[in-house]
Amino acid sequence: MGLIFKNETYRDDFTFSNSREAVWRFPFPFHEDKYMYVVNIEPHVPGPKGTVYEFPIDIDEHYVSDMRDRALVLQEDPLRCQSLPHMITAEWDLVELLMTSMANDFPDHFTLTRDGDNWHWVNRPMGIEQTFVFGDISTLPYRPMEYITRQCQGDFCLLDQRDGNLWMDAGVVTSQADWSLDFDVGMNFMEWHAPVPLAHERGVFDRALKFLLNLQQGRPVRRLNWTMTINPRLDTSPENYHKWGTDRTTVTPQNVGEKVHLRVEMQGLWRLPRSNAIVFSIRAYLINMNDIATIPKWRRRLHRVLKTLPPEIGGYKGLTRYQQTTIDWLSKFDDGATTSPGCGPE
Amino acid sequence: MLAPGIKSRPVYPGLTADLAAKHNLISAEADGAAAVLDMAKTVTPDFFQRSTILYCSAGSAGKIYEQALRDLKPNALWVFPTLATALFRLRGTIATLTMGTRLYAAGTEPFIGSVIQEAIAAGIDFKSVITEHRGSAKRRVQCVHCKGFTEDVTTNPVVCAHCGLNLLVRDHYSRRLGAFQGVCIDAEVPGELPETEDLYK
C-alpha cells in the first residue's frame, strides 16, 4: 500500500490541506459533547485498517512535507533538539523502535536490513540510504535521536526513569503547542506539567505518573490531547510566539473555515529495552473548520465542546481571542441533534 | 517568605544543620547570612569548626553580617563582593569536596538557583542541598525568544535586557537554567500591555 506524499507548506503561504481520506481518519478527540482533563490513557494496540491507530507509528500523506518543516526549524534553531549526555543509550533504543516499526508497517517506503550491529536503512520517500553500525555514533551523520527523528513524523521526548519519577532528558520538538523543550529539558514529570491548569488539583498527573512508571516493554500506551491553531502552522513554539502570535487576531467570521484548525496530538509512550527510558511521542494532526463541518457529528460536538469549555482551559490553550467567533461559525451547523457516543465520524 | 508557586518552582524549606556531615559548605548571600545566624542558635560551636562559609555580601547591605559570621568561628569564612566572584570560588571548591560534605544555600532565589546549578554541574543531587530564601523576591528571567537572562527582575511584565521584547514573567521555573520563563506578553497585539506591577520586590 503505497502512500502518495503531498508537497505542501506549514508556513508563509500555508498550502497544507487534508485529502478526503485524511479527514475521515482524523483522530477526533472528543468522545462526548464536553471536555475536561482526565487520565485518558489506553493501550496503544493496532486499530482498524486505515485509521491513525493501524500501526504503532503512523506515516501519512503529509510525511515528506512534515520532515521538510522540521529541517527548516532545526536549521533556524538547533536547540529544538537536545539530549543530556546520559541519554545516548535511549537514543539508540529510539532508532531501533522507529526504524523497525516504519520498515515493518510501510515496506513500500522503508527497508531495514540488520546483520548483527551492521544496519542498512533505506528511506525511499526522502531518498536516504544509510549503512551504519548500531551503537557507533561515528557512523551516522547526526546523533542517533536527531538522525531518526528527522525522518519520522511527530515530536519525540526521551524520559529517563529514576527516583520514582520521569525526567525529560532528551527530545526533538519542532511542532509543539507552545511549550519549550529548551526550558523544560531536565525537568521531572510534575515540573514540566506545572503550567497546566486544573489537572494537578484533580490528581491527573499523580495517577498518570504512577501508571507510566510501571509501563512495560512491548505494551505501549497512547492518549489524545488537543488545542487549536490559527493557520496550519506546525511550529507554534514559544520561541517564535512573537512571530506567530498575531495570527490569533486575524480570525473573522468570513475566514474561520480556512484559518481555524483543530490540532490533535496523538501521544504514544513506549518502554525502551536497553535504557529503561520511555519514548514520549507527540504526533500532531491538523484539520480546518471547513473539513470538520463536512462531518455532521464532529461539527455538532466541537461546537458544544467549545461552548462549554472551562475558561481556564481555553485561556491556557490560547483560544480566547477567536473562541467566540469560532463558536458562532460552528453554531450554524449544530441542529441540536443527539450525538452518538465515541469519537468516530458516526 | 515567597508566595507558593507552581510545581516546577523549588521550595526552600529553610536551613537546618546536618549534624552527621563531616564538613559543611555554607553559601549565603546578603540577608541569607541571617538564616545562617539563626541556624547557629540550634547547634553547638563545634558545628562551625566543621564548616566553611562562603558569603556574598552583594553590596553594602551585606557588610553588617560579616562580623557576626566571623564570630561563629567557622573553619573558614570567605567574603566576596558579587555573585560572579562568589560562584567562581564555589565552583573551584565544589570540585575538591570530599564525601560527607553537606552544601547549604541561603539568600535570594537567583542566588540559590546559581548554587544549585553549580552543584548539579558537579554531580551533586540537587535535593541534597539545604536551602532557605531570604531577602528580595527578585527573579532571574530567561527570555524564551532570544534566550537571554535578565537579572534582578522585580516587575511583571519586564523588558528583556537583551532583545527588548516585553516579557510576561511566568511562574514556570527551570532548575537547569536557574531562571523563570519570560514570554512576549504583547505578541498577539504588539503594544497592548497590562500595567507593570512590582510583584517581586
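Residues numbered from 1 in each chain as written. Chains lettered and ligands numbered in written order. Predicted model: local features only at pLDDT ≥ 70, side-chain atom pairs only at ≥ 80, totals over all residues. Heavy atoms only, no water.

A. Representation of the packing of helix α5 (residues 83-94) of chain B against helix α6 (residues 109-121) of chain B. Residue and element names in this part refer to chain B. With their axes 10 Å apart at the nearest point, α5 and α6 run at an angle of 25° to one another. It follows from the interaxial angle that α5 and α6 lie roughly parallel. In this structure, the crossing between α5 and α6 has a hand that is right-handed. Contacts between α5 and α6 involve Leu 83, Leu 87, Leu 90, Arg 91 and Ile 94 from the first element and Phe 111, Ser 114, Val 115, Glu 118 and Ala 119 from the second. (Axes fitted to C-alpha atoms, helices over the stretch in contact; angles between N-to-C directions. Helix = DSSP H or I, 4+ residues; strand = E, 2+ residues; numbered from the N terminus. Parallel < 35°, antiparallel > 145°, perpendicular 65-115°, else oblique. Left-handed = near helix turned anticlockwise from the far one by under 90°. Contact = heavy atoms within 4.5 Å.)

B. Here's a closer look at unusual backbone geometry. All names here are of chain B. Omega for the bond connecting Asn 156 with Pro 157 falls within 30 degrees of zero, at 0°, which places this linkage in the cis form. Mapped onto the elements of the fold, Pro 157 is located in the loop between β7 (149-153) and β8 (158-159). Residue Ala 30 is not a glycine yet carries a positive backbone phi of 45°.

C. Just the confidence of the model for chain B, in detail. Summary statistics for chain B give a mean pLDDT of 94 and a share of 96% for residues scoring 70 or more. What the predictor reports for the complex is a pTM of 0.93 with an ipTM of 0.91. (pLDDT = per-residue confidence, 0-100.)

D. How the structure looks around the interface of chain A and chain B. Of the residues lining the interface, 25 residues belong to chain A; the matching set on chain B comes to 27 residues. Taken together, both faces of the contact between chain A and chain B bury some 2200 Å²; the carbon and sulfur share is 57%. In terms of surface lost to chain B, no three residues of chain A exceed Phe 183, Tyr 241 and His 242 of chain A, which account for 29% of the buried area on that side. Counting across the chain A and chain B interface gives eight salt bridges. Secondary structure elements with two or more residues in the side of chain A that touches chain B: α5 (181-184), α6 (189-192) and α8 (241-244) of chain A. Of the residues assigned to the side of chain A that touches chain B, the class counts are ten nonpolar, eight polar and seven charged. (Buried area = accessible area lost by both parts, 1.4 Å probe. Salt bridge = Lys/Arg side-chain N within 4 Å of Asp/Glu carboxyl O. Nonpolar A, V, L, I, M, F, W, Y, C, P; charged D, E, K, R; others polar.)

E. Representation of helix α7 (residues 204-213) of chain A within the structure. All names here are of chain A. Buried within α7 we find Val 204, Phe 205, Ala 208, Leu 209 and Leu 212. All buried residues of α7 fall inside an arc of 120° around its axis, so they share one side. Contacts made by the buried residues of α7 are with β6 (155-162), β7 (165-172), α6, β8 (221-230), β9 (260-271) and β10 (278-288). (Buried < 20%, exposed > 50% of the residue type's maximum accessible area, 1.4 Å probe, protein only. Arc of directions from axis to C-beta.)

F. Spotlight on the pairing of strand β5 (residues 130-133) of chain B. Residue and element names in this part refer to chain B. The side-chain alternation of β5 yields two buried faces, one formed by Ile 130 and Glu 132 and the other by Thr 131 and His 133. Where strand β4 (residues 101-107) meets β5, four bridges bridge the pair, whose relative direction is parallel. Pairing of Ala 105 across the sheet is with Thr 131, part of β5. Crossover handedness for the path β4 to α6 to β5: right-handed. (Pairing = 2+ DSSP bridges. Right-handed = clockwise from strand over helix to strand, strands pointing away.)

G. The arrangement of the sheet that holds strand β10 (residues 179-184) of chain B in detail. Taken together, five strands build an open sheet; the order of strands is β7-β6-β10-β9-β8 (chain B) and the sheet is mixed. In this open sheet, the two edge strands, each paired with only one partner strand, are β7 and β8 of chain B.

H. Geometry of the environment of Leu 168 of chain B. Residue and element names in this part refer to chain B. If you trace the backbone, Leu 168 turns up in strand β9 (residues 166-174). Distance in space between the C-alpha atoms of Leu 168 and Cys 143 is 9.4 Å, their sequence separation being 25 residues. Setting aside residues no more than four positions away along its own chain, Leu 168 makes contact with Asn 156, Pro 157, Gln 181, Gly 182, Val 183 and Ile 185.

I. Representation of the pattern of salt bridges in the model. In this structure the tally under the stated criterion is 43 salt bridges over all chains. With a shortest N-O distance of 2.1 Å, Glu 191 of chain A and Arg 175 of chain B are connected by a salt bridge. One end of the pair, Glu 191 of chain A, is in helix α6; the other, Arg 175 of chain B, is in the loop between β9 and β10, on a second chain. Exposure class is identical for Glu 191 of chain A and Arg 175 of chain B. Each is buried. Linking Asp 38 of chain B and Lys 41 of chain B is a salt bridge whose minimum nitrogen-to-oxygen distance equals 3.0 Å. By relative accessible area, which is 32% here, Asp 38 of chain B ends up partly exposed. Classification of Lys 41 of chain B by relative accessible area gives exposed; the value is 69%. Salt bridges here are not isolated pairs; linked through shared partners, they connect Arg 25, Asp 58, Asp 60 and Arg 283 of chain A.

J. Region of interest: the packing of helix α11 (residues 296-307) of chain A against helix α13 (residues 320-331) of chain A. Residue and element names in this part refer to chain A. Where α11 contacts α13, the axes come no closer than 9 Å and their chain directions differ by 145°. Between α11 and α13 lies a crossing whose hand is left-handed. Of the residues in α13, those in contact with Arg 299, Leu 302, His 303, Leu 306 and Lys 307 of α11 are Gln 323, Thr 326, Ile 327, Leu 330 and Ser 331. When the residues that make up the contact of α11 with α13 are grouped by side-chain class, the tally is four nonpolar, four polar and two charged.

K. Geometry of the packing of aromatic side chains. Residue and element names in this part refer to chain A. Following the criterion strictly, the structure yields 24 aromatic pairs over all chains and no others. Measuring from ring centre to ring centre gives 6.2 Å for Phe 189 and Phe 205, while their planes differ by 75°; the resulting arrangement is edge-to-face. Remark: Phe 205 occurs in helix α7 and Phe 189 occurs in helix α6; sequence separation between them is 16 residues. In terms of burial, Phe 189 and Phe 205 fall into one category: buried. An aromatic cluster is present here, built from Phe 26, Phe 28, Phe 30, Tyr 35, Tyr 37, Trp 226 and Trp 298 joined pairwise through their rings. Just above the ring of Trp 226 sits the side chain of Lys 317; from NZ or CZ to the centre is 4.7 Å. (Phe/Tyr/Trp six-rings, centres within 6.5 Å; stacked < 30°, edge-to-face > 60°. Lys NZ or Arg CZ within 6 Å of the ring centre and 35° of its normal.)

L. Seen up close, the sheet that holds strand β5 (residues 128-133) of chain A. Residues and elements named next belong to chain A. In space, the three strands of this open sheet follow the order β3-β4-β5, with antiparallel pairing throughout. Strands at the two margins of the open sheet, each flanked by one partner only, are β3 (110-115) and β5. Sheet twist, expressed as the mean angle between neighbouring strand axes with direction ignored, is 10°. Across the sheet, helix α3 (residues 88-105) is in contact with β3, β4 (118-123) and β5; its angle to β3 comes to roughly 125°.

M. Region of the structure containing the environment of Tyr 10 of chain A. Residues and elements named next belong to chain A. By the secondary structure assignment, Tyr 10 is in the segment before α1 (20-24). Residue classification places Tyr 10 among the buried positions, given a relative accessible area of 3%. Sequence separation between Tyr 10 and Leu 234 is 224 residues, and the spatial gap between their C-alpha atoms is 6.0 Å. Setting aside residues no more than four positions away along its own chain, Tyr 10 makes contact with Phe 16, His 62, Ser 65, Asp 66, Asp 69, Pro 232, Arg 233, Leu 234 and Leu 286. A polar contact of 2.3 Å, which involves the side chain of Tyr 10, links it to the side chain of Asp 66. (Polar contact = N/O pair within 3.5 Å; in protein donor to acceptor, adjacent residues only side chain to side chain.)

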